[in-house]
Amino acid sequence: MKKYYLLCVMTFTAISSIFAQKQYTLTSPDENLQTNVYVGEKIEYQIQNKGKILLENSPIALTLVNGNTWGEQPKVIKANHYEKKGNIVSPFYRADSITENYKSLVLRFKGDFSIEFRAYNDGIAYRFINHSKQPFCIKNETVEYHFPDNYQVTVPYVRENEGNIEAQFFNSFENVYETTSLTGYNPKRLSFLPLLVDTGTGVKMCITETNLENYPGLYMNISQIHPHTMVGVFARYPKYVKQGGHNNLQLLVTEREQYIAEVNGARTFPWRIIAIAQKDTDLAASDLSFLLAEPSRISDISWIKPGKVAWEWWNALNLADVEFRAWKNTDTYKYYIDFAASKNIEYIILDEGWAENGKANLMCVVPEIDLKALIDYAATKKVGIILWAGYYAFHRDMEQVCKYYSKLGVKGFKVDFMDRDDQKMTAFNYQAAQVTAKYKLLLDLHGTHKPAGLNRTYPNVLNFEGVHGLEQMKWNDISKDQMKYDVTIPFIRQLAGPMDYTQGAMLNATKKDFYPCYFKPMSQGTRCHQLALYMILDSPLNMLCDSPTHYNKEIECTEFIASIPTVWNETRIIDGEVGEWIITARRNNSIWYVGGITNWTSRDVKLDLSFLPQGKYKIEIFKDGINADRNATDYKKDFFVTEDITKIHKLHLAPGGLSTNFPLLQVMMRKPPFLQGSRLPSPVSPLFQRKVSGMLPRLKKRREKPRKKARLKCRYNPSSVSCAPL
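No experiment lies behind these values; they were computed from the predicted model shown.

What counts as what
Residues numbered from 1 in each chain as written. Predicted model: local features only at pLDDT ≥ 70, side-chain atom pairs only at ≥ 80, totals over all residues. Heavy atoms only, no water. Helix = DSSP H or I, 4+ residues; strand = E, 2+ residues; numbered from the N terminus. Buried < 20%, exposed > 50% of the residue type's maximum accessible area, 1.4 Å probe, protein only. Contact = heavy atoms within 4.5 Å. Areas by Shrake-Rupley, 256 points an atom, 1.4 Å probe, with all protein chains shown as cover. Axes fitted to C-alpha atoms, helices over the stretch in contact; angles between N-to-C directions. Parallel < 35°, antiparallel > 145°, perpendicular 65-115°, else oblique. Left-handed = near helix turned anticlockwise from the far one by under 90°. Pairing = 2+ DSSP bridges. Phe/Tyr/Trp six-rings, centres within 6.5 Å; stacked < 30°, edge-to-face > 60°. Lys NZ or Arg CZ within 6 Å of the ring centre and 35° of its normal.

Student: Is there a simple way to explain the overall build of the protein chain in this structure?
Tutor: Of regular secondary structure, the protein chain possesses 15 helices and 39 strands. Here the protein chain holds 726 residues, and the buried ones make up 59% of them. Within the protein chain, counting contacts between residues at least 6 apart in sequence, those at least 24 apart form 71% of the total. Summing over all exposed atoms, the protein chain offers an accessible surface of approximately 29500 Å²; the carbon and sulfur share of this is 49%.

In structure tokens, the structure reads:
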């Protein structure tokens, strides 16, 4: 009788709990995705794709130091649904405007907080919102992803300090990817974002975050409690730091607080994003990180000029056939300025070494460099100068440094060696963006985490590292498969935003020939692989990494990459597969560039250009030469005219019977040399907009005069793209 009574009590309790749980449902605009939010004793959410569960009930919560937990015994005060559809302007991005289309659910809870969920056609995101004006500290945030099966994951582990989780919070966010099952994930290693989850059914999920302002970045590990579950891990708030690290340019955390974040009033928290792709190309085309970021805080962006950079660090200032000792001195940098000017390259960078090492003082310029003379000389050549700065040297006197060098004529800073993403460091990134914008300076954040929306909020931040870029070829051997990495990052890392990959090597090596070399580095893969990366990767401030000596010997390739735009009106991912290959098409005004790369495996693919309007096209193609399997610098340039653009749809990625050990045909299309004219400004340039506006009345009057209209079209045909309709 006692057993029967106990069973009744337990059953009644369970039923009561079920009935006490409230469910809220949110679907994507196309109704393929659905998230169910359950509010009972805790807050959980679930994700379905076309009725199939992708993510099982997963808890979310914020635990405060004062003992309260946003997510335990929550009480919903109000639930609001709304939706939005429109376009947002996206300067200095892969497209000049992008579509914003989502449905939203906002749950307001007792305790002065809300949770907002958004459902897009390609993903689900949520964030916490604090309404209280009182300061408090967050002890931890519960981020868990409970998957229904032992899915495959492709993750970038933190490279060093396996087994020491605390030490892994100090890292450069650079590593190749490893693919394993959830049960095979190494619990001794954190992984940083973005990372990929493969359901095995063709549907893939990319986990990342955006709007990462003044809050620690999210790492992932595997749960030791729940099967097939990934859990979030955060660096605790730094209590004490000391100067040290690389050339005394870093702040090293010596002790941390027992909480992850300090909150000083009402604010929103970062968006937790799961991008969901029905096919791999959907991942490469995702704009979720940009869409969910805060809008621009810069009202006037006319002074922001994206472009190319002649960069000296990768090639170690290794020049030949010059009459001076090439190193960090005035003569060497004048040579780089002259090279940039001769190729219409907008900037050069003075990387580490222009300021005295070890002092962390950007006012102490080495005596070998007359910086004022260089800036003035570059101005006469219409070349801008960007200065490299170590984190601490820049941070310690940011306002004064920016004010002084802006007045001197410097165009921007490349800040390096942050190597953390705790709350203090993410706050620094936003502060650096705000101060540089105040003095009309560009910012390239090197040695940092993923972009996470900062490039939308502060468009003067044109690029970010957080990528295993070409610099790694200076010291890593062939065991680091950069070719596979190159066809992986467009689907994972690039989802978070642009990357300072620094391509453009003219010394290229096959798999058998490659070796690391610091002072005369080379790339893995073919010449055309390097050319195609300028179309594959998002990079508004894009490097030409090799030496002017090498570029001057390769004029055809150099002029080609120097002419490629760095911002676009439109981007289309034509086809591809994670870790295998990708073909991307980008439009700048009326002309298209198309780039394709593969890993070390050759393959046959179809190039679908059916989205292009019918017409007569002049095509210029760079492709691997017939001997590229033995000499990776071998390439061939073809030119032809076609009246049916759909005819060029078959590509063999390893032409001429190349071995399957070697990379594919890389194809780039641009306007041929006889169409070269004066460059037009960037498609988002206010100057260009004013010119176009001024032309409209004249164009309207000339509509009935076909010949003049045709000549005008030819005259203003953009000079820096590829498939140009006649």
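Student: Help me understand the packing of helix H7 (residues 398-408) against helix H8 (residues 423-438) in this model?
Tutor: Pairs of packed helices are described in terms of their axes, by the angle between the two and the distance that separates them. Remark: H7 packs on H8, axes separated minimally by 9 Å, with the N-to-C direction vectors making an angle of 30 degrees. Judged by the inter-axis angle, H7 sits roughly parallel to H8. In this structure, H7 crosses over H8, and the sense of that crossing is right-handed. In this structure, H7 uses Met 398, Glu 399 and Cys 402 to contact H8, whose residues at the interface are Phe 428, Gln 431, Ala 432, Val 435, Thr 436 and Lys 438.

Student: What am I meant to see in the sheet that holds strand S34 (residues 591-598) here?
Tutor: Strand pairing in a sheet relies on backbone hydrogen bonds, with the paired strands running either antiparallel or parallel. On the basis of which strands lie adjacent, the open sheet formed by three strands has the order S32-S33-S34 and antiparallel pairing. For this open sheet the edge positions go to strand S32 (570-577) and S34, each flanked by a neighbour on one side alone. Averaged over neighbouring strand pairs, the angle between their axes works out to 10 degrees when direction is ignored. As paired strands, strand S33 (residues 581-588) and S34 are joined by eight bridges and run antiparallel to one another. The partner of Ile 582 across the bridge, within S34, is Ile 597.

Student: For this particular structure, what's the right way to read the packing of aromatic side chains?
Tutor: Two descriptors summarise a pair of aromatic rings, namely the distance from one centre to the other and the angle between the planes of the rings. All told, the structure shown has 42 aromatic pairs when counted by the stated rule. Where Tyr 82 meets Tyr 102, the ring centres are 6.3 Å apart and the plane angle is 75 degrees; that geometry is what we call edge-to-face. Separated by 20 residues along the polypeptide, Tyr 82 in strand S6 (residues 76-89) and Tyr 102 in strand S7 (residues 97-109) bring together distant segments of the chain. What makes Tyr 102 buried here is its relative accessible area of 3%. Three or more aromatic residues joined by ring pairs make a cluster, and in this case those are Trp 354, Tyr 391, Phe 394, Tyr 404, Tyr 405, Phe 413 and Phe 428. In this structure, Lys 474 is placed above the aromatic ring of Tyr 518, and the distance from its NZ or CZ to the ring centre is 3.9 Å.

Student: Can you help me understand the sheet that holds strand S25 (residues 384-390) in this one?
Tutor: With parallel pairing, the seven strands of this open sheet are ordered in space as S28-S27-S26-S25-S24-S23-S31. The sheet terminates laterally at strand S28 (461-464) and strand S31 (541-544), the two strands that pair on one side only. For this sheet the average axis-to-axis angle between neighbouring strands, irrespective of direction, equals 25 degrees. Alignment of strand S23 (residues 307-311) against strand S24 (residues 347-350), held across three bridges, turns out to be parallel. When the bridges of S24 are listed, Val 309 appears paired with Tyr 347.

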